[in-house]
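An overview of the molecular structure
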Amino acid sequence: QVQLQESGGGLVQPGGSLRLFCAASGFTFSRFSMNWYRQTPGKERDIVARITSNGETTNYADSVKGRFTISRDNSKNTVYLQMNDLKPEDTAVYYCNVVWGVMNYWGQGTQVTVSS
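1. A word on the pattern of salt bridges
- Applying the stated rule across the entire model yields four salt bridges.
- In this structure, Arg-38 and Asp-90 form a salt bridge, with 2.9 Å as the shortest nitrogen-oxygen distance. Of the two residues, Arg-38 sits in strand β4 (residues 34–39) while Asp-90 sits in the loop between β8 (78–83) and β9 (92–100), which places them 52 residues apart along the sequence. The pair formed by Arg-38 and Asp-90 is uniform in burial state, with each residue classed as buried.
- Note that Lys-65 is salt-bridged to Asp-62, the shortest N-O span being 3.1 Å.
- The class for Asp-62 is exposed, based on a relative accessible area of 65%.
- Residues joined by salt bridges that share partners form a network here, namely Arg-38, Arg-67 and Asp-90.

2. Some words on the packing of aromatic side chains
- Tallying each qualifying case throughout the model produces six aromatic pairs.
- Centre to centre, the rings of Tyr-37 and Trp-106 are 4.9 Å apart; their planes meet at 75 degrees, and the pair counts as edge-to-face. Remark: Trp-106 occurs in strand β10 (residues 103–106) and Tyr-37 occurs in strand β4; sequence separation between them is 69 residues.
- Overall, Trp-106 belongs to the partly exposed group, its relative accessible area being 33%.
- Taken together, the ring pairs connect Phe-27, Phe-29, Phe-32 and Trp-100 into an aromatic cluster.
- When the ring centre of Tyr-95 is taken as reference, the NZ or CZ atom of Arg-45 above it lies at 3.6 Å.
- Here Arg-72 stacks its cationic end above the ring of Phe-29, 4.3 Å away from the centre of that ring.

What counts and what doesn't
Residues numbered from 1 in each chain as written. Predicted model: local features only at pLDDT ≥ 70, side-chain atom pairs only at ≥ 80, totals over all residues. Heavy atoms only, no water. Salt bridge = Lys/Arg side-chain N within 4 Å of Asp/Glu carboxyl O. Helix = DSSP H or I, 4+ residues; strand = E, 2+ residues; numbered from the N terminus. Buried < 20%, exposed > 50% of the residue type's maximum accessible area, 1.4 Å probe, protein only. Phe/Tyr/Trp six-rings, centres within 6.5 Å; stacked < 30°, edge-to-face > 60°. Lys NZ or Arg CZ within 6 Å of the ring centre and 35° of its normal.

If you want it as structure tokens, here you go:
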């Protein structure tokens, strides 16, 4: 079955950096675009970044452009989210996502807290 396991979250000061990891299994990773979303309490889950199956095309939410970078290693079935110049408003639970047909698959999420 499809499994997505996020890691790398934590507490960081404003201006700091974190790198999130998502280890995928249960599907042919190299054939699928992958997404990072984030969610804060009481709000909808919003997309942060997307990367195509071969890694050649990436897209970002306006709020993170120039600060976040999504990448992937198809040999390791892993997608990454490098987050630089973090701001308090980046505080959220970050989720890895893959869409397979009509199914949306999610990991359990990793908490990112940006605070001084």
